[in-house]
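If you want the building blocks of each chain, they are given just below.
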Amino acid sequence: MARRLRRRTQPVSGNLDSFLDTLTNTVGALIFITLFVTLIATGSRPKTKITIQTPLFSTSKKEALWFEIKNNKISHLNLRQVREKELEFTSNLPNCNKPDPTSLDYITSQNNYQSCLLSILGRQSNFRVDTKNYEVKTVDDGVSLLFEPVSANIGETTQQITTADSEFSRVLSQFDPSKDYILFIVRPDSFEAFRSARKQAWNAGYEVGWEPHPDSLPIKIRTILGSELPGGTSVGVQ
């Protein structure tokens, strides 16, 4: 009886191992490429959007001591010095009679008063004064004071303001918390410095007001006469 010959099957384990190696390497490469593209598109760190809103405030009868906080440095605007020079400058200008709100022709008198103010404001368009940190001049036809830093290095760090001979400490000791409060103009990069300066002002007994201010906008404050006109904003204590 003839025997049937059987073919011997060759093992395929070697071919299967090679296939699995190739598949694993391909999947690994795809995962790496996906992670790389994701990091490039979104950044290596998670980004959190922070919105800073204008703080609520209450009006105060106290006088404000103005500071700007930028580049995490605290700079004194010294508006008191500017106001003194402004009063000297405007003392030679004609006076405008402020109308009596109880008078029957108040609306007409108020319009005349504002027209008088506008005519005088134009005469103080060349007002200039320098403080330690800022060059100050009138803009907007005499309605506003523009504060321009004398250099990019003005101001004191959070470490410097804690020393007794710092300008910030001298201002806190020179004025009276029962009559004055501290007002900070805070740039977006300097909220850490603001919190340190605010804490020091609080510890000295001062009330504090603050206003967030975009980097792209300069500091402008109404002149004494300009503050009599409609518009403008005020910053009280928080």
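Residues numbered from 1 in each chain as written. Predicted model: local features only at pLDDT ≥ 70, side-chain atom pairs only at ≥ 80, totals over all residues. Heavy atoms only, no water.

A. Focus on the confidence of the model for the protein. Per-residue pLDDT for the protein averages 80, and the proportion of residues at 70 or more is 71%. Within the protein, the lowest mean pLDDT, 58, falls on helix α1 (residues 13-42), and the highest, 98, falls on strand β2 (residues 73-76). For the stretch residues 39-56, pLDDT sits under 50, and the model shows 16 contacts to residues farther than four places along the chain or on other chains. (pLDDT = per-residue confidence, 0-100. Helix = DSSP H or I, 4+ residues; strand = E, 2+ residues; numbered from the N terminus. Contact = heavy atoms within 4.5 Å.)

B. Examining the packing of helix α4 (residues 167-174) against helix α5 (residues 191-203) more closely. Running from amino to carboxyl end, α4 crosses α5 at an angle of 30°, the nearest separation of the two axes being 10 Å. The angle between α4 and α5 falls in the class roughly parallel. In the crossing of α4 with α5, the sense of the turn from one axis to the other is right-handed. For the pair formed by α4 and α5, the contact residues are F168, S169 and L172 on the first element and A197, Q200 and A201 on the second. (Axes fitted to C-alpha atoms, helices over the stretch in contact; angles between N-to-C directions. Parallel < 35°, antiparallel > 145°, perpendicular 65-115°, else oblique. Left-handed = near helix turned anticlockwise from the far one by under 90°.)

C. Summary view of the sheet that holds strand β7 (residues 208-212). Strand order in the open sheet made by the 4 strands is β2-β1-β6-β7, with mixed pairing throughout. Among the strands making up the open sheet, the edge pair consists of β2 and β7. Neighbour-to-neighbour, the strand axes of this sheet turn through a mean angle of 25°, independent of strand direction. Taken together, the 4 bridges between strand β1 (residues 63-70) and β2 define a ladder with antiparallel strand orientation. Looking across to β2, one finds that K70 is bridged to K73. (Pairing = 2+ DSSP bridges.)

D. Layout of the packing of aromatic side chains. Scanning the entire structure with this criterion turns up 8 aromatic pairs. The interplanar angle of 75° and the centroid separation of 5.1 Å between the aromatic rings of F67 and F168 together place this pair among those described as edge-to-face. Pair noted here: F67 is in strand β1 and F168 is in helix α4, with a separation of 101 residues, a long-range link. Of the two residues, F67 and F168, both sit in the buried class. Taking the centre distance of 5.7 Å and the plane angle of 75° together, the rings of F184 and F194 count as edge-to-face. (Phe/Tyr/Trp six-rings, centres within 6.5 Å; stacked < 30°, edge-to-face > 60°. Buried < 20%, exposed > 50% of the residue type's maximum accessible area, 1.4 Å probe, protein only.)

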